[in-house]
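# Structural features, examined
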Amino acid sequence: MQVNATKAVNPARRRIRGLFRRTDLSIRLRLILCFVVIVLLMIAADAIAVWQFRQIAASAERLGKMDETALAVVRVHFDVANLRDKNDALARSRDARQFSSDAASIRQAFLQHVDHAQQMLRATPDIGPAGTISAALDSLRSTLLSQLDTAVELATAGEWDAVRLRFTTQIPALSQFTASLVEKVDQEVLRQRAEAIQETEQARRRLFVIVPVAALLTLLAAATLGWYVTRTITAPLSELTAGADALARQDFQHEVHLRGNNELAVLGNAFNYAAQQLQQLYEGLRRSEHELRDVIEAMPTMVWIGGTDGSNEFGNRRWQEYTGLSHERTVGAGWQNAVHPTDLKRHLEKWRTSLASGEPFENEVRYRRGTDGQYRWFLSRAVPLRDEQGKILKWYGISTDIDDRKRAEQEREQLRADLAHLNRVSTLGELAAAVSHELKQPITAAMTDAQTCIRWLKRDQPDVDEALEATMRIVKDGSRATEIIDRLRSLYKKSPPQREVVDVNEVVREMLALLRGEANRYSIVTRSELASDLPKITADRVQLQQVFMNLMLNAIEAMKNTGGELKIKTELGQEGSLLISVSDTGVGLPAENISEIFNAFFTTKPEGSGMGLAISRSIIESHGGRLWATGNGRRGATFQLTLPAEVTSSSPTRQSA
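Thresholds, definitions, all that
Residues numbered from 1 in each chain as written. Predicted model: local features only at pLDDT ≥ 70, side-chain atom pairs only at ≥ 80, totals over all residues. Heavy atoms only, no water. Axes fitted to C-alpha atoms, helices over the stretch in contact; angles between N-to-C directions. Helix = DSSP H or I, 4+ residues; strand = E, 2+ residues; numbered from the N terminus. Left-handed = near helix turned anticlockwise from the far one by under 90°. Contact = heavy atoms within 4.5 Å. Nonpolar A, V, L, I, M, F, W, Y, C, P; charged D, E, K, R; others polar. Buried < 20%, exposed > 50% of the residue type's maximum accessible area, 1.4 Å probe, protein only. Salt bridge = Lys/Arg side-chain N within 4 Å of Asp/Glu carboxyl O. Pairing = 2+ DSSP bridges.

### Brief notes about the packing of helix α14 (residues 541-559) against helix α15 (residues 612-622)
It is the contact of α14 with α15, at a shortest axis distance of 10 Å, that shows an interaxial angle of 140°. Here the hand of the crossing between α14 and α15 comes out left-handed. For the pair α14 and α15, the contacting residues are Q543, L544, Q546, V547, N550, L551 and N554 in the first and G612, L613, I615, S616, I619, I620 and S622 in the second. Here the residues of the contact of α14 with α15 are counted per class, giving seven nonpolar, seven polar and no charged.

Below is the structure:
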């Protein structure tokens, strides 16, 4: 039987061991099993402790019952002893009624005590010959009851001496009999008490051994299970940590080997899959990076990367080939060695402004070519790279060669200046008669004043005051002729455009004075409405003179057959700009070609070149303004132009002497 039990236990143990050794159990299930085992061990230990406590309590309860049994037998003994004493006293009193009443009460109490003693004997079967004692009690009960009944009959009959004699002879024997019963019960109780105390002491000793051992076994089991669960978790975690370290070292070939189907094994498989995907992504990113770097290196423009502090971090091959500066000589502030000394300060100021504001950077700058030391114009642009919070990480920029474009722009400006000069010369050629008339007036007046001065001086008594007054008029007429010649020379003179602070009202007055003769020639009235609070602007005086002259001559041309009124007006426009309008009452604008009048080579004049209005619009737009034309309804047209009042920082300014 023992062998069969051992064989039956071993498969159960193997099943339990196999259950805990399985690697496909989830961590949650493992923890639940561990906690269940620990709780079962604690319950088993508590059950053993409760069993021992119940044994001690049972022993104590048995001792209590034994004491109660002994006490019940002692009460019976006391009842017999009391019967002897009381009946003897009643017999002397010779009161039959009282004797009968007391005998009845003694009888009742005795019967209760005997019944209780017998119940206790039956409840404590461990007390020796419990059946013998119970039989003795039955015999005592019948004997004592018979004695009481006989005594009551004798007392009723008045045989008091017989009553006393019976109690004297019979009751002591019964008392000795109950005393022997008490002694037997006491001996048995003492024996049982000794056994109970011995059992209690043994149970206490077992309890003192079992409780610590059970607690120790529970702790050992908890520690073992905790170590097992921790090991089954930390070992895979160590594998995963090693895999993460390998992944951080870009060792994508490292694999995490975890057996089973639990959460960590699934995580290990997912980790291996993620490592493979990261390897593919990394290789693809590396290929893309190489391709991008090759593209950047092969670009025909200079590409560079700047830090948030403005230092250079990278320059492509085009930069190194053009400037002759290697990567080591370019990084940091080394790139500044390639910038033209004249442009460096302005370039750095704009670059620092963009760094501080985060706005895209753009500036034209000259870079020195490393092969021959020549400088060429480049357009440098850069935009910031920001993170998700908007913080600037780097600046990516390009520098494009615009030297050919700059030269073309300069040639275009020169060509436009030449065309404007030719336009002015041809226009002045058309005004030859008017100009000669303007010059003839001050010259004729000067000659007349000179003759008058001679006459005043040839008198017998020369009138010096009159001669001086005539001389002053000569000087005034000469100054007037000089001003006309200077204005004509400024228009004839061929010089590069230069900006200076100009009073527009003054330029308008000059052009009105120059063209007054031409207007009078065709019976045209000139009128001006010039705003007194007009601010001065930064502009090219000669170009503005040319624009006003073209617009006024066009107005005169439109009215030369009919006469009319030429009106020029200056005022403040919107946003502080200047608004100038030139109106006439001539034939008006061609309705079918009104959108083409500012195109080059478009003209309605038989001898016109078609360049006047095109050049005028080009000049106004180069000053940041706008030129347009509108009809006056039934007669005439109005040409309006705007000029910004602020000084243009990019425009060259001519300093006045």
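### What to know about α15
Counted residue by residue, α15 has eight buried out of eleven residues, so it is predominantly covered. A positive backbone phi angle near 85° is found at G624, which sits one or two residues after α15.

### A few points about the pattern of salt bridges
Under the criterion given, the structure shown has 15 salt bridges. Among the salt bridges present, the one from D372 reaches R369, with a minimum N-O distance of 2.8 Å. Judged by relative accessible area, which is 40%, D372 ranks as partly exposed. In this structure, a network of salt bridges that share partners links the residues R376, D401, D403, D404 and R407.

### As for unusual backbone geometry
Even without glycine at this site, S523 takes up a positive phi of about 60°. With respect to the helices, strands and loops of the structure, S523 is situated in the loop between α13 (504-521) and β7 (524-530).

### Quick word on the sheet that holds strand β4 (residues 375-386)
Hydrogen bonds between backbone groups are what pair the strands of a sheet, and the pairing can be parallel or antiparallel. Taking strand neighbours across the sheet as the criterion, the five strands line up as β2-β1-β5-β4-β3 in an open arrangement whose pairing is antiparallel. Among the strands making up the open sheet, the edge pair consists of β2 (312-315) and β3 (361-368). This sheet shows a mean twist of 25° between the axes of neighbouring strands, independent of strand direction. Seen against the sheet, helix α9 (residues 341-357) touches β1 (302-306), β3, β4 and β5 (392-401) and runs at an angle of roughly 150° to β3.

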